[in-house]
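One-letter residues, chain by chain:
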Amino acid sequence: MKKTLLMMTTALTLASGLQAATMEKQLETRLRNLAKQGIMAGHQDDTFYGLTWEWEVGRSDILETCGDYPAVMGFDLGGIEVGDAKNLDSVPFVRIREELIAHHRRGGIVTLSWHPRNPLTGGTAWDVSSDQVVKSVLPGGSQYEKYQLWLQRVAMYVATLRDIDGKPIPIIFRPWHENNGSWFWWGQKLCTDEEFRALWNMLQDYMNACGFTNLLWSYSPNLDGNWTEERFLKRYPGDDRVTLLGEDAYQWGTEADYKTQLDADLKFLNAFAKKHGKLLAMTECGMKNMPVADWWTRVMMPIVKRYDVSYFLLWRNYKEEYFGPSPKLDCAADFMRLYNDKQILFLKNINNTK
Ligand code: BMA
């Protein structure tokens, strides 16, 4: 009873009423229209830090390399669930809110991922020491109550992501990513298919009950290379629960393997997306520390361009690990080629679209 009341109060407090009812739909339509024009470039944590700087307001490695912001910016909620003031990569949540709002205001598109801590052990999202974690947060599990509080903290924060008029900002929300790998506590070997679906549904139903209508739900497993419809469907949350399909696809191994797997996966996902009426994106991608100067235009893009991809999101540029360009890197020239490619969209190409 107490819990129902809490949910209802949260719902009433957070819901911004019918005016927001079509926000997800609006974002979906915008993404569909933009996908006809080209493929948007995106970057995680773009305005927080880069290769040679951190926390300076107004800076962005992408902006400094090509003169424009990426069309899509990604941010991560990891740590909000335990009430931390900074996320797992030391970005203050206050700053995340500011930059997310700023990117929305300048006409860009924003996406949120979430690397929550391990609710059973207290470890990080990568703590895979127990295969009982997902089970523990489901109804009847030992961490259920705690996890409800985690969900509430996520909801409370997301509810603050509003524009200057108080209108919720449309957000591509991408939880439980890379779930076909086994490096996160919600991964393939860490829970059953049923448990995974229950985990997804619990989060989504909670957010829906809170009245959010500005979240466009994205499902993004990791590069696989061997998708079959039967296996993909085992953990796919369902057509009524997902609007954008994606994949996190980094090149960790050989170029040849990457190309083969990426092409196979995008072919599969593209067909699946078409059949099920979904959008498609490369929700995370890159090659760590860019050892290959023309990787974007020679390796990744020629494959991505074969399919109806809405955007690609390069992962963060941090000192020890970067996936995007920076003016002095060898790959900067290649990034300029992306920038000059009419088929690839940056902020200025999309900021007048609604
Ligand atoms: C990973 C790495 C980590 C980081 C995490 C969340 O892929 O970049 O260093 O903590 O993403 O951003």
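Just so we're clear, the structure is a prediction, and the values are computed from it rather than from any experiment. (Residues numbered from 1 in each chain as written. Predicted model: local features only at pLDDT ≥ 70, side-chain atom pairs only at ≥ 80, totals over all residues. Heavy atoms only, no water.)

**A look at the site of the ligand**
And step 1. Around the ligand, the surrounding shell consists of L88, D89, H115, W126, W315, R316 and E321.
And step 2. One nitrogen or oxygen atom from the side chain of W315 is found 3.0 Å from an oxygen atom belonging to the ligand.
And step 3. Here an oxygen atom of the ligand sits 2.4 Å away from a polar atom, N or O, in the side chain of E321.
And step 4. For the ligand, the accessible surface in isolation is 310 Å², of which the surrounding protein chains cover 76%.
And step 5. In terms of residue class, the shell around the ligand is built from 3 nonpolar, 1 polar and 3 charged. (Near = heavy atom within 4 Å. Polar contact = N/O pair within 3.5 Å; in protein donor to acceptor, adjacent residues only side chain to side chain. Areas by Shrake-Rupley, 256 points an atom, 1.4 Å probe, with all protein chains shown as cover. Nonpolar A, V, L, I, M, F, W, Y, C, P; charged D, E, K, R; others polar.)

**Some thoughts on the packing of aromatic side chains**
And step 1. Using the criterion set out here, one finds 32 aromatic pairs in the structure.
And step 2. Pairwise contacts between aromatic rings join F173, F196, W200, W217, Y219, W227, F232, Y236, F268 and F272 into one cluster.
And step 3. It is R106 that lies over the ring of Y69; its NZ or CZ is 3.9 Å from the centre. (Phe/Tyr/Trp six-rings, centres within 6.5 Å; stacked < 30°, edge-to-face > 60°. Lys NZ or Arg CZ within 6 Å of the ring centre and 35° of its normal.)

**Some details on helix α2 (residues 23-37)**
And step 1. In a regular helix each residue adds 1.5 Å, so 15 residues correspond to 21 Å; α2 covers 21 Å between its end C-alpha atoms and thus fits that length.
And step 2. What α2 keeps buried is the set M23, L27, E28, R30, L31 and L34. An end-on view of α2 places all buried positions within 165 degrees of arc, on one side of the element. Residues K25 and K36 are exposed on α2 and point more than 90 degrees away from its buried face. (Helix = DSSP H or I, 4+ residues; strand = E, 2+ residues; numbered from the N terminus. Expected span 1.5 Å × (residues − 1). Buried < 20%, exposed > 50% of the residue type's maximum accessible area, 1.4 Å probe, protein only. Arc of directions from axis to C-beta.)

**Description of the pattern of salt bridges**
And step 1. The final tally for this structure, using the stated rule, is 22 salt bridges.
And step 2. Between K319 and E54 there is a salt bridge, with its nearest N and O atoms 3.7 Å apart. Taken together, the residues span a long stretch of sequence, with K319 in the loop between β8 (311-314) and α11 (332-340) and E54 in the loop between β1 (39-44) and α3 (61-66) at a distance of 265 residues.
And step 3. A residue is classified by how much of its surface remains accessible, and K319, at 43% relative accessible area, is partly exposed.
And step 4. By relative accessible area, E54 is classed as partly exposed at 29%.
And step 5. E56 is paired through a salt bridge with R59; the nearest N and O atoms lie 3.3 Å apart.
And step 6. On the basis of relative accessible area, E56 is assigned to the partly exposed category, the value being 38%.
And step 7. Residue classification places R59 among the partly exposed positions, given a relative accessible area of 22%. (Salt bridge = Lys/Arg side-chain N within 4 Å of Asp/Glu carboxyl O.)

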